[in-house]
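Fold and geometry: a report
So the chains spell out like this:
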Amino acid sequence: VSSSPSRKTAMMRKPMLLFGTSGVAFNWLWLFKYRESLNLCQPAAVFRSFSVFVVVERILKLHEPRKALLRETCLKNKMYSEGKENWEDMPVHELHFLVVDDNHGIIYCFVPKVACTNWKRVMVALHKNSTGPYEDPLSIPPESVHDNEVLTFLSDFPKPERIARMKHYTKFLFVRNPFVRLISAFRDKFQKRNNLFYRSTSRHILKKYGNISDPPASVDEAFDSGLHVSFSNFIQFLVDPEMEKDEPFEPHWKQMHRLCHPCLIDYDFIGHQETLQMDVEHLLTILNLENDITFPTSYENISTLDYLSNWFGVLPLEDRRKLYKIYEPDFELFGYPKPEELLQD
C-alpha cells in the first residue's frame, strides 16, 4: 500500500472541507467546484446536488456545534488530551480502535455498544470491494466482524503511512449517553451466557463484590443455580479505585474519549446513537455512498430519565457520584447533559 493516499481517495474527502463554513451561496459554489468528485455530472446530478445541499445545511446546524463543543471542551480541560500534544505521541496499541478503509479513504473509530457491530459490517463490505456492488452488511455474520483478521487498523501501518492516512482520510466516530452505554454493556456481558466473559470477569465480580467465596466454574452452572452479577455489583466493580490498577478498563465500558482520543484526533464527523439513522444518512451522503450501501436498521436508543432512574436510582448516592466522575469527560466532550437528578439526594 502506498504511503500517499491516491488523488481519488483525497477527493472523496472534499465534502468535509465545508465544515466550519456557512452561507447558502458558498455551499452552492462548493457543490459546483467539486461536482466531479461528488458524482454530480451524472444524469441525476440535479437531484443529487440538491440532496447533498440539504445534508450540508443539516450538518452545519447539527453536527458542526458538536465539533465546536468538543474543541472548546478540549481547550478548557487539558487533561482530556491525556498529557500528549498530538495523536502521533500515542503508543501504537492505542490506535487499534481506528479501522481503516483504503478503498474509500475512511477511518472509523469504533466504540463498543454504539452501533459498533453494524458499522464494522459496513466497513467489511466496503473493504471487500472498492467500487461496488457491495455485499449487504446484514448478510455478514455479526460474530465474524470482531475477528481482527477481517479489518485493517491504523496500528497496522508504519508511522509515515499512519500520518498520511490521518491527514487525508475522512475520520468519524459514533458516541452515546455514557450511562445508557453502561446499561447496554451490562445487559450484553452479564445477562447473557458468555462463558469466556464469565471466566475472565464475572467470577471475579461475584467473588469480590457479590460475597460468593467460590463462584461456579462455568456460566451455565452459575445461571442454572440462579447466580448472576447484579447491576450494583457491576457498578461497585467500576468505581473501585483498585480495579483499574490491576487491569485497564475493558473496551465495552472503557470511556469513549480514551478509546478514540477526540482531543488529539480531529474527527470530521461525530455521530450520536440517539440520532443514529439520521446521522448515518448524512455521513453516507458525504461519502457518496448513500445509494450504494444500506446501514442495518438498529433498535431505538432508550435514554429517558425514567429509564436511567430505574437502573441507577437503586444504587448508593456515593457510587453514582463516583461513577459520574469516571465518565464525566465523555458527558462533557460529547454534549450529554449532567444527570443532576441521579447525583442528588
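Residues numbered from 1 in each chain as written. Predicted model: local features only at pLDDT ≥ 70, side-chain atom pairs only at ≥ 80, totals over all residues. Heavy atoms only, no water.

Here is the rule: UniProt positions are given in the numbering used here, feature names are shortened, and annotations may be inferred rather than shown by experiment.
Going by the annotation in an unreviewed UniProt entry, the name recorded for the protein chain is Carbohydrate sulfotransferase, with Takifugu rubripes given as the source organism. UniProt, in its Sequence similarities (unreviewed entry) section for the protein chain, records the words "Belongs to the sulfotransferase 2 family."

**Re helix H7 (residues 195-209)**
The condition that has to hold: Numbering goes from the N terminus for both helices and strands, where a helix is a DSSP run of H or I of at least four residues and a strand is a run of E of at least two. Each residue after the first adds 1.5 Å to the expected span of a helix. Using a 1.4 Å probe on the protein chains alone, a residue whose accessible area is under 20% of its type maximum counts as buried, one over 50% counts as exposed, and one in between counts as partly exposed. Distance and chemistry together define a polar contact, namely a pair of N or O atoms within 3.5 Å, with one atom able to donate a hydrogen and the other to accept it when in protein, and with adjacent residues in sequence counting only for side-chain atoms on both sides.
Between its first and last C-alpha atoms H7 spans 19 Å; for 15 residues at 1.5 Å apiece the expected length is 21 Å, and the two agree. Of the residues making up H7, those classed as buried are Phe-197, Tyr-198, Thr-201, Ser-202, Ile-205, Leu-206 and Tyr-209. Between the side-chain oxygen of the N-cap and the backbone nitrogen of Leu-196 there are 3.3 Å, and the N-cap of H7 in question is Asn-194.

**So, the state of the cysteines**
Condition: Two cysteine sulfur atoms form a disulfide, by the criterion used here, when they sit within 2.5 Å.
Here the structure, examined in full by the defined rule, presents two disulfides. The disulfide bridge from Cys-74 ends at Cys-263, spanning 2.0 Å between sulfur atoms. On the sign convention where negative means left-handed, the S-S torsion of about -85° between Cys-74 and Cys-263 marks this disulfide as left-handed. Placement of Cys-74 in helix H3 (residues 45-76) and of Cys-263 in the loop between helix H11 (256-260) and strand E5 (269-272) is noted, with a sequence separation of 189 residues between them. The burial state of Cys-74 is the same as that of Cys-263; both residues are buried. In this model Cys-109 forms its disulfide with Cys-260; the gap between the sulfur atoms is 1.9 Å. Between Cys-109 and Cys-260, the disulfide has an S-S torsion of -95° and is therefore left-handed. Taken as a pair, Cys-109 in strand E2 (residues 106-109) and Cys-260 in helix H11 lie far apart in primary sequence, 151 residues in all. One exposure class covers both Cys-109 and Cys-260, and it is buried. For the protein chain, numbering the cysteines in disulfides from first to last along the sequence yields the connectivity 1-4, 2-3.

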